[in-house]
Number of protein chains: 2
Amino acid sequence: MDKPRSSDGPVTLAHVAERAGVSQMTASRALNGRTGVSAKTRREVVRIATQLGYRVNVAARKLSNGRSRIIAVLAPDLTNQFIGQLLIGAGEAARKVDYEMLVYTLFDENRRSHDDMLRLLQQFADGLIAILPRGATDYVQALYAASMPIVVLDHRGEVAALPTIASNHYEGASIAMRHLLELGHSRIGFLTGPDEPGACADRLTAYQHVLAQHGLRVDPQLISAGDYTQRGGFEAARRLLSLRKRPTAIFAVNDVAAFGALDAIKDAGLSVPHDISLIGFDDIPMASQTHPPLTTIRQPLVWMGRSAVNTLLAQINGIDVASPRVTLPTELVVRASTAPPQNGGRVLPSAGARGAKPSAQGCEL
Amino acid sequence: MDKPRSSDGPVTLAHVAERAGVSQMTASRALNGRTGVSAKTRREVVRIATQLGYRVNVAARKLSNGRSRIIAVLAPDLTNQFIGQLLIGAGEAARKVDYEMLVYTLFDENRRSHDDMLRLLQQFADGLIAILPRGATDYVQALYAASMPIVVLDHRGEVAALPTIASNHYEGASIAMRHLLELGHSRIGFLTGPDEPGACADRLTAYQHVLAQHGLRVDPQLISAGDYTQRGGFEAARRLLSLRKRPTAIFAVNDVAAFGALDAIKDAGLSVPHDISLIGFDDIPMASQTHPPLTTIRQPLVWMGRSAVNTLLAQINGIDVASPRVTLPTELVVRASTAPPQNGGRVLPSAGARGAKPSAQGCEL
DNA sequence: TTGAAAGCGCTAACAG
DNA sequence: CTGTTAGCGCTTTCAA
């Protein structure tokens, strides 16, 4: 009933040990689930610890042990839902095994040296999950040099030699294209992201391949350059809409660009999906909030976050990571922004959405 | 030229001291800018430390000293731009005084006790910035009970007795209303958030007051219930649009709801701002990305984050915080979603936007 | 101005 | 099964 810790600071292991009438070591062993303690002693120690509200001091343990049961996530940016979803998965997985997750944000402006930053993180975290920003080669260099367990969450391109979790952009984009083709579209526009190797390039390649595979011409006019932003998507879509023969469907490189496209299509007095079908990529939470809700390719972001933590923990615990690069599958999420084209168009054999689960739920959230 | 730390772990203070030919204490004093070291000795120690790439171990310092120069931010959610902006400001301010900022995310599901969590944070952070989630009274209780410096970033309601940074919702909403009135609107709809005391209620009150002050009737039909979400804003706006005499302007309780309203308006075949003016609240980054870009009330989110850190640092350094609650001003950001109503309407004396800076830039970003 | 000793809270390594 | 000793890297306190 009485508050355990009144005025004399946090309860330490010494307090617990004393109250339990055992040595600190025994108390430590008991509380950490180590062997070498009688069941009875262990029970008693745990009881006292609980009663006193004891909590191990992570700074002390890290200093003594090298372990804090904390993993750090290095995030380039905290203002987008994409990264938010990644963090949800990572946090969940960490908590499940009694680890804590802390997020450290990268800021561009007068940044301390990457190397310096990594050493700081190493001082209190047992391992690091790095969410890569676009094109940061020196940053990646620092990761290579760092002497702590690291897993890279790579939603853009490729990082060799470091354990990496990514999703299959080529496959995802292929699925999107097949979905549109099966609905009967043959004149499909593509809204690109920045022109650099990586996810965007993979998706564009898939767009071209699938078109070619179906004997359709790849019309350069139908590829409109954006930059992953809503405004970029808006402008790119507008260019597509002003074409003499405009597409009946648009595939946006990511959901945010698709939002811009949606704006542009509506502004042109057209309707989605009646006049134009629209499909995005990522399935961030907002994708289900637009009107009409966006059909999109889901990257398993939550799963990726979880997977990163599990791979990291394996590394921390000295288990050899079998595969240095885990590529997770994408999934078609059919909502209401895609439909057959107005004037029919040729229809492919199986008109159902391949492997589609028309649910708006998050990936095993 | 040669790498300073090759195989034998991080450089410690002992290494530096030895190389400099002084005691650890002298090295410590020199590096921490304490008095009691000759200028010459200090210079030498600093030189060696730099050369060796020494970096103080925060875990050790925290253990010894109680200080880590780390501040923790407790965030309810990392998937919204609102909180992202807050964090940008906080991170910037912390870095400026050589502190680091770490973010800890609150998850709803099977949460450890709040008390427990705060004690964890206290073990490595010197102070805490708590971004309040909606209606979490037990959480606030834990904050009261915590024995560490705390500042509350309260974007919703009121928390007495804890130093708090907030912005002025009533004032902001008043400015928004006056902007619409000055443009000539008199039939103005309001999209609410959840029905609870706090920010949303303040904004609604302002809506009603300003209307009354201008001799305009507050028509309950024009107040449409949403929930801060895009979908909620969509539905609420749709109800407004189906009114026999629909409003010429809509004031959404936040930007996200305004995005939904924009969807609804366009879907109804109407144009913003030609047929209907639309104004939001918050000025999250996406507000400038819609088409048309959203006129909105800017909460100084970055500034709020900065202010929270500074208040916290004052507390950490034992300086008495003068005011327990800092309320920061809001600002009208005129973009392209507001205009005079189509059929004129009565125009108020000064038709210019009050205190408006029609810039899309972030607040002193 | 400098240094030596002690200790922050914990655990590894070695006794008993 | 349990306890003792030593030490993680740093800073405080006290002495020179």
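Bear in mind the structure is a predicted one, so any value in this text is a computation, not a measurement.

Engineer: Can you tell me about the overall build of chain A, naming the residues and giving the values?
Structural biologist: A tally of regular secondary structure across chain A gives 12 helices and 12 strands. In chain A, which comprises 365 residues, the share counted as buried stands at 50%. In chain A, the share of contacts with a sequence separation of at least 24, taken over all contacts with a separation of at least 6, comes to 72%.

Engineer: Mind laying out the relation of the copies chain A and chain B, listing which residues take part and the relevant values?
Structural biologist: Each copy of the chain is related to the other by a rotation around an axis and a translation along that axis. By a simple turn and slide, chain A fits onto chain B: the slide is 0.0 Å along the axis, the RMSD is 0.1 Å, and the turn is 180 degrees. Such values leave the two copies arranged in the relation of a two-fold axis. A shared binding surface is used by both copies, with 100% of the interface residues of chain A retained as interface residues in chain B.

Engineer: How would you summarise the sheet that holds strand β7 (residues 223–224) of chain B if you had to cite specific residues and measurements?
Structural biologist: All names here are of chain B. Taken in spatial order, the six strands of this open sheet run β7-β6-β8-β9-β10-β12, and their pairing is mixed. Each of the sheet's edge strands pairs with one partner strand only, and the pair in question is β7 and β12 (331–333). Direction of pairing for strand β6 (residues 188–191) relative to strand β8 (residues 249–252): parallel, over a ladder of four bridges. Following the sheet pairing, G189 is matched in β8 by I250. In the packing of helix α10 (residues 230–241) onto the sheet, the strands contacted are β6, β7 and β8, and the crossing angle to β6 comes to about 155 degrees.

Engineer: If you had to explain the nonpolar core to someone new, which residues and values would you point to?
Structural biologist: Formed by 188 residues in total, the largest nonpolar core has its most connected members in I129 and A261 of chain A together with I129 and A261 of chain B. The next biggest cluster of nonpolar side chains, apart from the first, holds 13 residues, and it includes V11, A17, A20 and A30 of chain B.

Engineer: Describe the protein's contact with DNA strand C, naming the residues involved and giving the relevant values.
Structural biologist: What surrounds DNA strand C is a group of 26 residues, the closest being T12, L13, S28 and S64 of chain A together with G36 of chain B. For the surface near DNA strand C, the secondary structure elements donating two or more residues are α1 (13–20), α2 (24–31) and α4 (58–65) of chain A together with α2 (24–31) and α4 (58–65) of chain B. Looking at the surface near DNA strand C, the element that brings in the most residues is α4 of chain A, giving five residues. Among the residues making up the surface near DNA strand C, the classes are represented as 10 nonpolar, 15 polar and one charged.

Engineer: Pulling in residues and values, what's your account of the interface of chain A and chain B?
Structural biologist: On the side of chain B, 39 residues touch chain A, which itself brings 39 residues to the contact. Of all elements in the fold, only α4, α5 (81–96), β2 (100–105), α6 (114–124), α10 (230–241) and α11 (255–267) of chain A reach the threshold of two or more residues within the side of chain A that touches chain B. A per-class count over the side of chain A that touches chain B returns 17 nonpolar, 13 polar and nine charged.

Engineer: Let's hear about the pairing of strand β9 (residues 277–282) of chain A: which residues, and what values?
Structural biologist: Residue and element names in this part refer to chain A. Judged by how many residues are buried, β9 sits mostly within the fold: six of six residues are covered. Two strands pair when backbone bridges link them, and strand β8 (residues 249–252) and β9 are joined in this way by three bridges, in the parallel orientation. Its bridge partner lying in β9, I250 is registered against L278. Where the polypeptide runs from β8 across α11 and back to β9, its parallel neighbour, the crossover connection is right-handed. Where β9 lies against strand β10 (residues 295–298), four bridges are found, and the strand directions are parallel. Residue pairing in the sheet places F281 in a bridge with I297 of β10.

Engineer: A description of the protein's contact with DNA strand D should follow, citing residues and the corresponding values.
Structural biologist: Surveying the vicinity of DNA strand D reveals 26 residues, the closest of which are G36 and S64 of chain A together with L13, S28 and S64 of chain B. Elements with a contribution of two residues or more to the surface near DNA strand D: α2 and α4 of chain A together with α1 (13–20), α2 and α4 of chain B. It is α4 of chain B that provides the largest number of residues to the surface near DNA strand D, a total of five residues. Residue composition of the surface near DNA strand D, by class: 10 nonpolar, 15 polar and one charged.

Engineer: Describe the confidence of the model for chain A, and please don't skip the residues or the numbers.
Structural biologist: With 88% of its residues at a pLDDT of 70 or more, chain A shows a mean pLDDT of 88. Low pLDDT, under 50, characterises residues 1–6 of chain A; the predicted model gives this stretch seven contacts beyond four residues in sequence or across chains.

Engineer: Can you break down α4 of chain B residue by residue, with the values?
Structural biologist: Residue and element names in this part refer to chain B. For α4, the full list of buried residues reads V58, A59, K62 and L63. One side of α4 holds all its buried residues, which, seen down the axis, span an arc of 135 degrees. The outward face of α4, more than 90 degrees from its buried face, is lined by the exposed residues S64 and N65. Looking at the residues trailing α4, positive phi occurs at G66, about 90 degrees.

Engineer: Any details on the environment of V272 of chain B? Residues and values, ideally.
Structural biologist: Residues and elements named next belong to chain B. With respect to the element layout, V272 can be found in the loop between α11 (255–267) and β9 (277–282). Here V272 falls in the buried class, since 25 other C-beta atoms lie within 10 Å of it. Taking the C-alpha atoms as reference points, V272 and G127, separated by 145 residues in sequence, lie 46 Å from one another. In this structure, V272 is in contact with L262, I265, L278, P292 and S337, ignoring residues within four places of it in sequence.

Engineer: So what's going on with the sheet that holds strand β12 (residues 331–333) of chain A? Which residues, and what values?
Structural biologist: Hydrogen bonds between backbone atoms are what pair the strands of a sheet, whose relative direction is either parallel or antiparallel. Residue and element names in this part refer to chain A. Ordered in space as β7-β6-β8-β9-β10-β12, the six strands form an open sheet in which the pairing is mixed. The sheet is open, and its two borders are formed by β7 (223–224) and β12, each paired with just one other strand. Contacts between α11 and the sheet are confined to β6 (188–191), β8, β9 and β10, with β9 contributing the most and set at about 160 degrees to the helix.

Engineer: Describe the packing of α2 of chain B against helix α3 (residues 39–52) of chain B, and please don't skip the residues or the numbers.
Structural biologist: All names here are of chain B. Interhelical geometry of α2 versus α3 gives an angle of 90 degrees and a closest axis separation of 9 Å. Classed by the angle they form, the pair α2 and α3 counts as roughly perpendicular. On α3, the residues touching T26, A27, A30 and L31 of α2 are T41, R42, V45, V46 and A49. When its residues are assigned to classes, the contact of α2 with α3 shows six nonpolar, two polar and one charged.

Engineer: For unusual backbone geometry, give the residues involved together with the corresponding values.
Structural biologist: Residue V272 of chain A is joined to P273 of chain A through a cis peptide bond whose omega torsion reads 5 degrees. Relative to the assigned elements, P273 of chain A resides in the loop between α11 and β9. Look at the link from H291 of chain B to P292 of chain B: it is a cis peptide, with omega at -5 degrees. Along the chain, P292 of chain B turns up in the loop between β9 and β10 (295–298). Phi is positive for D283 of chain A, close to 60 degrees, though the residue is something other than glycine.

Engineer: Account for the environment of L87 of chain A, naming residues and giving values.
Structural biologist: Secondary-structure assignment places L87 of chain A in helix α5. Residue class for L87 of chain A comes out buried when judged on the 27 C-beta atoms lying within 10 Å of it. Here the alpha-carbon distance between L87 of chain A and L102 of chain A, two residues 15 residues apart in the chain, equals 9.8 Å. When residues no more than four places from it in sequence are discounted, the contact partners of L87 of chain A are V73, V103 and G305 of chain A together with L78 and T105 of chain B.

Engineer: Please provide a residue-by-residue account of the environment of Y99 of chain B, values included.
Structural biologist: Residue and element names in this part refer to chain B. Tracing the backbone through its elements, the reader meets Y99 in the loop between α5 (81–96) and β2 (100–105). Each C-alpha atom, one on Y99 and one on A258, is 37 Å from the other, the two residues being 159 residues apart in sequence. Discounting residues that sit within four places of it in the chain, Y99 has contacts with R69, I70, I71 and A94.

Engineer: Mind laying out the pairing of strand β3 (residues 127–131) of chain A, listing which residues take part and the relevant values?
Structural biologist: Residues and elements named next belong to chain A. Burial analysis of β3 places five of its five residues in the buried class, which makes it a mostly covered element. Residues G127, I129 and I131 of β3 are buried on one face, and the alternating residues L128 and A130, pointing to the opposite face, are buried as well. By the bridge criterion, four bridges tie strand β1 (residues 70–75) to β3 in an arrangement that is parallel. Among the inter-strand pairings, I71 is bridged to a residue of β3, identified as G127. Sheet topology note: the β3/strand β4 (residues 150–153) ladder contains four bridges and is parallel. Bridging from a neighbouring strand, I129 pairs with V151 of β4. Handedness of the β-α-β unit built from β3, helix α7 (residues 137–145) and β4 comes out right-handed.

Quick notes on the rules
Residues numbered from 1 in each chain as written. Chains lettered and ligands numbered in written order. Predicted model: local features only at pLDDT ≥ 70, side-chain atom pairs only at ≥ 80, totals over all residues. Helix = DSSP H or I, 4+ residues; strand = E, 2+ residues; numbered from the N terminus. Buried ≥ 20, exposed ≤ 12 C-beta atoms within 10 Å, placed from the backbone. Contact = placed C-beta atoms within 7 Å. Least-squares fit on C-alpha atoms with pLDDT ≥ 70 in both. Pairing = 2+ DSSP bridges. Axes fitted to C-alpha atoms, helices over the stretch in contact; angles between N-to-C directions. Core = buried A, V, L, I, M, F, W, Y, C linked by C-beta atoms within 7 Å. Near = placed C-beta within 6 Å. Nonpolar A, V, L, I, M, F, W, Y, C, P; charged D, E, K, R; others polar. Right-handed = clockwise from strand over helix to strand, strands pointing away. pLDDT = per-residue confidence, 0-100. Arc of directions from axis to C-beta. Parallel < 35°, antiparallel > 145°, perpendicular 65-115°, else oblique.

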